[in-house]
Amino acid sequence: MRNSITVWIGIVIMSLTTLHAKPEDHIQYGPVTLTPGETQILRRSLEGLHRRYDPEEALITRTLSGYNYHTDAQSGVMHELRGSFSYAVALLDLGDEAYTQRAFDILKKGMSLQDKDPASRTCGIWPYYMEEPLATKKSPADYNWADFIGVSLLEVWLGHEARIPDPVKAEIQQSLMLAARSIQKRNVGPGYTNIAIMGTYMTFMTAHLFDLPELKTYARDRLHRFYEYTLDKGGFSEYNSPTYTIVALDELLRMKQHIIDPGAVKEIDVLYRTGWDMIARHYHRPTAQWAGPHSRSYRSLVSADFYGILHQASNGRIDLGRAPGSRDIKKKHTLPESLLPCFLDPRYPRTEIDVFEKSVPQIIGTTYLTDRYALSTANRSSLWNQRRPFLAYWGSAELPQYLQVRFLHDDYDFSSASFYSAQKENHVLAAVNFNTGGGDKHISIDRIKDGTFKARNLRLRFEFGGGVSAESLTVPTSNLAPVAFVIDDLQFNLKLYQAVFDTWPGHWETGGDDKAAWIDYVVYTGPEITIDLNRIEEAIFGFTFSMGPAGESLPSLEPAVSIENHVMDVTWQALSLQVPINILTLPSHL
């Protein structure tokens, strides 16, 4: 769901110098104006996108290189929709008449590819690429495109209404209304944080712009439901997400800029503070990283944009000595003053404990932060590639390093592997088992049918990134032997205490590439075989882990393990786990 063509978004400040306010409709908006400096930055950022623009199709191109949940093709040059809409908005924001017609050409072409058939299940949304129309593509449609592209069309209307030709304005109104109806029909629950917020903004603004009474009621009720849900949970369902907490804050900021309904404003302000509170409590100043556990993240080290947001939102008081990222002038985020000490003068060591999910099984996050490292776990999670249920950071702000636990099926994170843990400070007791009813590469989109899948490779990976070399890692002398090694004057102690996957013997090996190094427990490697999870009586891995300054005395890694009635009971260092050793159905919220 991420858009690779969003560089421009990070450099626009919308200065609402002339607001169009409709008190009876509870919204306000005005034209986009940029300072000369901002215009220069925007112009530079567009250079790469200009080169990718195809005037024959009036869309920008993208070269595919790998698996995507919602795309049939995995390689080739395609014409992308979401990035093209973003490009059109940027061209209008630039204010250069040389590009105005191009922007409207893109908008018209893009809107022509929206599904407008009221009898169609996908009415109101767009495909990812022109080459993969919704009617014929085999991979699942992404209904989030009604939200993401709808917001881009709102940016055109709200920031450039006076410049839009009447025929194009009529098309935009139709597209917005169709997208809003799609969002209303889909009606995602408040647990889908970023889309719950984005869809609320999209329907609220569309309803008030075009005086749609039923949609007004829907949007206001949806905001209130999300507010009540979030207050009850104590935070967002997409918990502690470096990707989607920022998306949520961006959309809440749009609401703060454009929604003036008094009741809505109060709820939006509370939600905005909620997002910042999560960031502040998990910020690790020594490494300048956003400590885990992460519900959804596309990388294990934060991007430079994150530093730009912190710099801008703190009025320059959070200064890491780097050039601010491009996103720092996108919107005027404001860091609540009371949270500033978490970034500038944090207290270490300390432990942050969050109950992210109250439903059974509860999801509880533990984050131990010190002046040398941060270690975090979620007590329950899947090992989907967007999850980070075990994550450690150390190093410096200039060169942060990390340790992440993964389970790989044919070199891609296996979503049907489940993670269990208990943590106290710098000690973790953990286990991994497997489930039916879940997905392979994605937790739900590519569900494993009948519990069977093909595999050439299965392995449990302890991945060290940020410049760690494979030469600094040590392989255990036997499958269940403890291992210890030192990196940057920190010691890492690890022991696999249980390693069973059916009857297959496993082995350890190390490896690495230009991005990371790893220690792998290899479950299977060889010719492609079919694995039937229904026939496997026992599949369970367990490990103990400690880290701390080199020379510090760390405890024995040997836990007490017993198995009875298909449940492994483990205790170690006053920590305990009870984990099924057989294959069970995956709980829906993991």
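Conventions and cut-offs
- Residues numbered from 1 in each chain as written.
- Predicted model: local features only at pLDDT ≥ 70, side-chain atom pairs only at ≥ 80, totals over all residues.
- Heavy atoms only, no water.
- Helix = DSSP H or I, 4+ residues; strand = E, 2+ residues; numbered from the N terminus.
- Buried < 20%, exposed > 50% of the residue type's maximum accessible area, 1.4 Å probe, protein only.
- Contact = heavy atoms within 4.5 Å.
- Areas by Shrake-Rupley, 256 points an atom, 1.4 Å probe, with all protein chains shown as cover.
- Lys, Arg positive; Asp, Glu negative; His and termini not counted.
- Charge placed at Lys NZ, Arg CZ, Asp CG, Glu CD.
- Salt bridge = Lys/Arg side-chain N within 4 Å of Asp/Glu carboxyl O.
- Phe/Tyr/Trp six-rings, centres within 6.5 Å; stacked < 30°, edge-to-face > 60°.
- Lys NZ or Arg CZ within 6 Å of the ring centre and 35° of its normal.
- Pairing = 2+ DSSP bridges.
- Axes fitted to C-alpha atoms, helices over the stretch in contact; angles between N-to-C directions.
- Parallel < 35°, antiparallel > 145°, perpendicular 65-115°, else oblique.
- Left-handed = near helix turned anticlockwise from the far one by under 90°.
- Nonpolar A, V, L, I, M, F, W, Y, C, P; charged D, E, K, R; others polar.
- Polar contact = N/O pair within 3.5 Å; in protein donor to acceptor, adjacent residues only side chain to side chain.
- Expected span 1.5 Å × (residues − 1).
- Arc of directions from axis to C-beta.
- Core = buried A, V, L, I, M, F, W, Y, C linked by side-chain atoms within 4.5 Å.

## Some words on the overall build of the chain
Working step 1: Looking only at helices and strands, one finds 12 helices and 26 strands in the chain.
Working step 2: By its C-alpha atoms, the chain is 75 × 55 × 45 Å across when sized along the principal axes.
Working step 3: Counting every position in the chain, which comprises 590 residues, the buried fraction comes to 60%.
Working step 4: Sequence separation of 24 or more characterises 67% of the internal contacts of the chain that already satisfy a separation of 6 or more.
Working step 5: Here the chain displays about 23000 Å² of accessible surface, and carbon together with sulfur accounts for 50% of that area.
Working step 6: For the chain, the centre of its 58 positive side-chain charges and the centre of its 69 negative side-chain charges are spaced 3 Å apart.

## Some points on the pattern of salt bridges
Working step 1: Applying the stated criterion across every chain, the model contains 28 salt bridges.
Working step 2: Close ionic contact of glutamate 352 with arginine 350 constitutes a salt bridge, the shortest N to O distance being 2.9 Å.
Working step 3: The buried category is assigned to glutamate 352, whose relative accessible area is 13%.
Working step 4: The partner of aspartate 520 in a salt bridge is arginine 459, with the nearest N and O atoms 2.8 Å apart. Note that aspartate 520 is positioned in strand S21 (residues 516–532) and arginine 459 in strand S17 (residues 452–465), a separation of 61 residues in sequence. Arginine 459 matches aspartate 520 in its accessibility class, with the two residues each being buried.
Working step 5: A cluster of three or more residues bridged by salt bridges with shared partners is formed by Asp277, Arg281, Arg350, Glu352 and Asp354.

## Quick look at the packing of aromatic side chains
Working step 1: In total, this model carries 34 aromatic pairs according to the counting rule given.
Working step 2: Taking 6.4 Å as the distance between ring centres and 70° as the angle between the ring planes, the aromatic pair formed by tryptophan 394 and phenylalanine 464 counts as edge-to-face. Residue tryptophan 394 is found in strand S12 (residues 390–395), and its partner phenylalanine 464 is found in strand S17; the two are separated by 70 residues along the sequence. The pair formed by tryptophan 394 and phenylalanine 464 is uniform in burial state, with each residue classed as buried.
Working step 3: Here the basic side chain of arginine 82 rests over the ring of phenylalanine 148, its NZ or CZ set 3.9 Å away from the ring centre.

## Quick notes on the pairing of S17
Working step 1: Most of S17 is tucked away, with 11 of its 14 residues classed as buried.
Working step 2: Sheet topology note: the strand S13 (residues 400–409)/S17 ladder contains eight bridges and is antiparallel. In the sheet register, phenylalanine 407 faces S17, and the bridge partner there is leucine 460.
Working step 3: Where S17 and S21 come together, 13 bridges link them in antiparallel fashion. In the sheet register, asparagine 457 faces S21, and the bridge partner there is threonine 525.

## Description of the packing of helix H5 (residues 145–160) against helix H7 (residues 193–209)
Working step 1: Orientation of H5 relative to H7, taken along the N-to-C sense of each, is 40°, at an axis distance of 9 Å. When the axis of H5 is compared with that of H7, the two are oblique. Relative to H7, the crossing made by H5 is left-handed. Along the contact surface, H5 presents Ala146, Asp147, Phe148, Gly150, Val151, Leu154, Trp157 and Leu158, while H7 presents Asn194, Ile195, Met198, Gly199, Tyr201, Met202, Met205, Thr206 and Leu209.
Working step 2: Here the contact of H5 with H7 is built from residues that sort into 12 nonpolar, four polar and one charged.

## Details of the side chain of serine 237
Working step 1: Among the secondary structure elements, serine 237 is positioned in the loop between helix H8 (213–233) and helix H9 (244–258).
Working step 2: Judged by its relative accessible area of 18%, serine 237 is buried.
Working step 3: A distance of 2.7 Å separates a polar atom in the side chain of serine 237 from a polar atom in the side chain of tyrosine 229.
Working step 4: With residues up to four places along the chain from it excluded, the contact list for serine 237 reads Gly191, Thr193 and Tyr229.

## A closer look at helix H11 (residues 304–313)
Working step 1: H11 sits mainly inside the fold: seven of its 10 residues count as buried.
Working step 2: For H11, the set of buried residues is Phe306, Tyr307, Gly308, Ile309, Leu310, Gln312 and Ala313.
Working step 3: In the stretch just after H11, asparagine 315 is the one whose phi turns positive, near 55°.

## Re helix H4 (residues 100–112)
Working step 1: Taking 1.5 Å per residue, 13 residues should reach 18 Å; H4 reaches 19 Å between its end C-alpha atoms and fits that length.
Working step 2: Of all the positions in H4, only Thr100, Ala103, Phe104, Ile106, Leu107, Gly110 and Met111 are classed as buried. On an axial view of H4, the arc spanned by its buried residues comes to 155°, and they lie on one face.

## A word on the environment of proline 527
Working step 1: The topology assignment puts proline 527 in strand S21.
Working step 2: Among the residues examined, proline 527 registers a relative accessible area of 64% and is labelled exposed.
Working step 3: For the pair formed by proline 527 and aspartate 147, sequence separation is 380 residues and the distance between their alpha carbons is 43 Å.
Working step 4: Setting aside anything within four residues of it in sequence, one finds proline 527 in contact with Ala455 and Arg456.

## Remarks on the sheet that holds strand S25 (residues 575–580)
Working step 1: Sheet architecture is open: three strands sit in the order S23-S24-S25, paired in antiparallel fashion. With one partner strand each, in any of the chains shown, strand S23 (560–564) and S25 form the two edges of the open sheet. Geometrically, the sheet is characterised by an average inter-axis angle of 15° between neighbouring strands, direction not taken into account.
Working step 2: Judged from the six bridges that link them, strand S24 (residues 567–572) and S25 form a sheet pairing that is antiparallel. Bridged to valine 570 within S25 is leucine 577.

## Overview of the nonpolar core
Working step 1: Grouped together as the largest cluster of nonpolar side chains are 99 residues, with contacts concentrated most on Leu107, Ile172 and Trp276.
Working step 2: Dropping the residues within four chain positions of it, isoleucine 172 is found in contact with Met111, Leu153, Val156, Trp157 and Ile164.

## What to know about the sheet that holds strand S3 (residues 53–54)
In a beta sheet, neighbouring strands are held together by backbone hydrogen bonds and run either parallel or antiparallel to one another.
Working step 1: Reading across the sheet, the three strands line up as S3-S4-S5 and stay open at both edges, with antiparallel pairing between neighbours. With one partner strand each, in any of the chains shown, S3 and strand S5 (75–80) form the two edges of the open sheet.
Working step 2: Sheet analysis places S3 next to strand S4 (residues 59–65), joined by two bridges and oriented antiparallel. Within the sheet, the bridge partner assigned to tyrosine 53 lies in S4 and is isoleucine 60.
Working step 3: Against the sheet, helix H3 (residues 82–94) touches S3, S4 and S5, its axis set at about 140° to S4.

## Structural notes on the side chain of glutamine 289
Working step 1: Summarising the element assignment, glutamine 289 is placed in strand S7 (residues 289–290).
Working step 2: Judged by its relative accessible area of 0%, glutamine 289 falls in the buried class.
Working step 3: Within the structure, the side chain of glutamine 289 is placed 3.0 Å from the backbone nitrogen of valine 302, a separation counted as a polar contact.
Working step 4: Apart from the residues lying within four places of it in its own chain, the contact partners of glutamine 289 are His282, Tyr283, His284, Ser300, Leu301, Val302, Tyr307, Tyr393 and Pro400.

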